[in-house]
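# Reading the structure
Take a look at the letters that make up each chain.
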Amino acid sequence: MTNEELILERLESIESQLAPLAQSAKSMSEFKDDLTFLAQPATQVLVKELADVEASFQLEDLMELAKRMLKSVRNITWSLGQLENIIDFVTTLEPLLKTSVPQIINYLDDLEQRGVLRIIGATLDFRSKVAEAYTPEDIDQIGDGLVALLNLAKKISDPQAVALLEQLAEMPASVDLTVSKDVGPWGLFCACYNKEVKEGLGVLMELTKAMGKMKGE
């Protein structure tokens, strides 16, 4: 083999070894071109956004922020621990909320269906109207009057008082005024022999005594 053939063979061997490197370099060049094409819009957007904060941003501020963060590492760590506790609490509470919230909604819906919420709303409106119409002194005076009325209602609720009021309420229905006649002194004297008149006079006498006690008090 001549020297020329030997040189050509070595050149072919070197070319075959350099071919993968050339292909890799070509691929890298294409990747660089693609990256440059994509980086240009991103760079423009970044420059535009940074232009807004250029006047208020200083490198010293960034260093100050870094120093304060390094000084507050303990507080940041504590805050992260508390955040983990909150997350654990929410995770634990979530199943309870899933069961209790529908029950609360059903309970409120039942109150709405029964009109309880409307009554509460009307009560609030009533209180606002009372507050507009009366002063606090008037409310105190009304409260004293209501206490007195409640005391009176307590006395009226006595069984004897209730029975007497019921009888008095039934009395007009049992009286027929169409058969009433004029009565003079003699007729009144004769009526005293009637049993019902005697009983009525007895009741009237007891009521008269009670009314006399009212005058003394």
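Let's shift gears to the overall build of the protein. When you go through the protein residue by residue, the secondary structure sums to eight helices and zero strands. Reading the secondary structure of the protein in the N-to-C direction produces α-α-α-α-α-α-α-α. For the protein, with 217 residues in total, the buried portion stands at 1%. Of the accessible surface of the protein, which amounts to about 20400 Å², a share of 64% is contributed by carbon and sulfur atoms.

We now examine helix α6 (residues 159-174). Because an α-helix packs 3.6 residues into every turn, residues spaced three or four apart end up facing the same way. Counted at 1.5 Å a residue, the expected span for α6 with its 16 residues is 22 Å, and the 23 Å between its end C-alpha atoms agrees. Judged by how many residues are buried, α6 sits mostly at the surface: zero of 16 residues are covered. Among the residues of α6, the N-terminal cap falls to D158, whose side-chain oxygen and the backbone nitrogen of Q160 are separated by 3.1 Å.

This part takes up the pattern of salt bridges. Evaluation of the coordinates by the stated rule reveals four salt bridges. With a shortest N-O distance of 3.7 Å, E64 and K67 are connected by a salt bridge. Here E64 and its partner K67 are both found in helix α2 (residues 59-71), three residues apart, which amounts to about one turn of the helix. Note on E64: relative accessible area 39%, which makes it partly exposed. Note on K67: relative accessible area 45%, which makes it partly exposed. Note that R114 and D110 form a salt bridge whose closest N and O atoms lie 3.0 Å from each other. Classification of R114 as exposed rests on a relative accessible area of 57%.

Time to look at helix α3 (residues 73-113). When the terminal C-alpha atoms of α3 are compared, their 56 Å separation across 41 residues agrees well with the 60 Å that a helix rising 1.5 Å per residue should span. The largest bend along α3 reaches roughly 35 degrees and is located at L97. The first or second residue beyond α3 is G115, which carries a positive phi of 80 degrees.

So, about the confidence of the model for the protein. For the protein, per-residue confidence averages 77 on the pLDDT scale, and 79% of positions sit at 70 or higher. No element of the protein has a lower mean pLDDT than helix α1 (residues 3-53), which averages 69, and none a higher one than α3, which averages 86.

Any two packed helices are characterised by the angle at which their axes cross and by the distance between the axes. At their nearest, the axes of α3 and helix α4 (residues 116-133) sit 5 Å apart, and the two run at 70 degrees to each other. Classified by the angle their axes make, α3 and α4 are roughly perpendicular. Residues L108, L111, E112 and Q113 of α3 lie in contact with α4, whose contacting residues are V116, L117 and R118. Residues of the contact of α3 with α4, tallied by class, amount to four nonpolar, one polar and two charged.

Criteria and cut-off values
Residues numbered from 1 in each chain as written. Predicted model: local features only at pLDDT ≥ 70, side-chain atom pairs only at ≥ 80, totals over all residues. Heavy atoms only, no water. Helix = DSSP H or I, 4+ residues; strand = E, 2+ residues; numbered from the N terminus. Buried < 20%, exposed > 50% of the residue type's maximum accessible area, 1.4 Å probe, protein only. Areas by Shrake-Rupley, 256 points an atom, 1.4 Å probe, with all protein chains shown as cover. Expected span 1.5 Å × (residues − 1). Polar contact = N/O pair within 3.5 Å; in protein donor to acceptor, adjacent residues only side chain to side chain. Salt bridge = Lys/Arg side-chain N within 4 Å of Asp/Glu carboxyl O. Bend = angle between axes of the 7 residues up to and from the residue. pLDDT = per-residue confidence, 0-100. Axes fitted to C-alpha atoms, helices over the stretch in contact; angles between N-to-C directions. Parallel < 35°, antiparallel > 145°, perpendicular 65-115°, else oblique. Contact = heavy atoms within 4.5 Å. Nonpolar A, V, L, I, M, F, W, Y, C, P; charged D, E, K, R; others polar.

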